[in-house]
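# Structural characterization, general
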Amino acid sequence: MARALEQAQAEGGVVHGGGRALAERYPDACYVVPAIVEMPGQTAIVCQETFAPILYVMKYRDLSDAIALQNAVPQGLASCIFSTDVRETETFLSAVGSDCGIANVNIGPSGAEIGGAFGGEKETGGGRESGSDAWKGYMRRQTNTVNYSRELPLAQGITFNI
């Protein structure tokens with residue numbers, strides 16, 4: 001995570017958060033503070049799967065540009081859109097939208113949803129396992145979740161205080 005944040009800064013990113021947490025209380029563990037990184041565009045580090053609590057944020061002009069940025073990475077497990085415009089969310093969930101195996105609306109891309117088909121696309125693998133749709137493993141499918149509330153429930157109680 002530290003190397004990824006250093007690379008993001010070198011590529012013009014502004015890092016908020018990050019770094020070690022609870023080191024004094026748990027010296028043998030490695031807990032970290034989640035990071036939000038404002039990026040000038042889709043750089044090499046944005047396209048790399050870091051497996052750390054880093055959220056890269058980029059500006060875009062219209063939804064098709066945002067979808068193109070999202071689909072331009074080699075991974076394809078989970079994606080999400082936050083919007084109050086039903087037309088945008090439907091576009092995101094359609095064939096011209098997210099190319100990930102799991103696409104979510106107004107809820108984070110935490111991964112597997114109970115009962116949904118679990119699996120990704122591109123370098124994140126093809127096919128599905130578990131869930132009610134496992135038998136459709138040879139079809140291109142998505143699991144979609146939509147959060148209609150005004151709350152943003154994040155996985156495992158994560159909060160961002162900026």
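Residues numbered from 1 in each chain as written. Predicted model: local features only at pLDDT ≥ 70, side-chain atom pairs only at ≥ 80, totals over all residues. Heavy atoms only, no water.

Side chains Ile102 and Asn104 project from strand S7 (residues 102–105) onto one buried face, and the interleaved Ala103 and Val105 project onto a second face that is buried too. Strand direction decides the pairing type here: strand S6 (residues 78–81) and S7, joined by 4 bridges, are parallel. In the sheet register, Cys80 faces S7, and the bridge partner there is Asn104. For the handedness criterion, the β-α-β arrangement of S6, helix H3 (residues 86–93) and S7 is classed as right-handed. In this structure, S7 lies alongside strand S8 (residues 143–146), joined through 4 bridges in parallel fashion. From the neighbouring strand, Ile102 faces S8, where its bridge partner is Thr143. (Buried < 20%, exposed > 50% of the residue type's maximum accessible area, 1.4 Å probe, protein only. Helix = DSSP H or I, 4+ residues; strand = E, 2+ residues; numbered from the N terminus. Pairing = 2+ DSSP bridges. Right-handed = clockwise from strand over helix to strand, strands pointing away.)

Here the focus is the confidence of the model for the chain. A residue-level look at the chain finds 81% of positions with pLDDT of 70 or above and a mean pLDDT of 85. Per-element confidence in the chain is highest for strand S4 (residues 35–38), whose mean pLDDT is 98, and lowest for S8, whose mean pLDDT is 82. (pLDDT = per-residue confidence, 0-100.)

This paragraph deals with the pattern of salt bridges. For the structure on display, the rule yields 1 salt bridge. Here Asp85 ties to Arg87 by a salt bridge, and the two come within 3.3 Å at their closest N and O atoms. On the basis of relative accessible area, Asp85 is assigned to the partly exposed category, the value being 23%. (Salt bridge = Lys/Arg side-chain N within 4 Å of Asp/Glu carboxyl O.)

Grouped together as the largest cluster of nonpolar side chains are 10 residues: Ala4, Leu5, Ala8, Ala35, Val37, Met39, Ile45, Val46, Ile54 and Tyr56. Those elements that provide at least two residues to this core are helix H1 (2–10), S4 and strand S5 (54–57). Every residue in contact with Ile45, bar those within four places of it in the chain, is listed here: Ala4, Gln7, Ala8, Glu11, Met39, Thr50 and Tyr56. (Core = buried A, V, L, I, M, F, W, Y, C linked by side-chain atoms within 4.5 Å. Contact = heavy atoms within 4.5 Å.)

Bringing the sheet that holds S7 into the picture now. One open sheet holds the 3 strands; their spatial order is S6-S7-S8, and the pairing between them is parallel. Across the chains shown, the open sheet's two edge strands, defined by having one partner strand only, are S6 and S8. Between one strand axis and the next, the sheet turns by 15 degrees as a mean value, whatever way the strands run. (Axes fitted to C-alpha atoms, helices over the stretch in contact; angles between N-to-C directions.)

Here we come to the sheet that holds S4. Pairing in this open sheet of 3 strands is mixed, and the strands run S1-S4-S5 from one edge to the other. Looking at the sheet topology across the chains shown, the edges are occupied by strand S1 (14–17) and S5. For this sheet, the mean inter-axis angle between neighbouring strands, taken without regard to orientation, is 20 degrees. Note that S4 and S5 share 4 bridges and pair parallel. Among the inter-strand pairings, Val37 is bridged to a residue of S5, identified as Tyr56. Sheet contacts for H1: S1, S4 and S5; angle to S5, the most-contacted strand, approximately 15 degrees.

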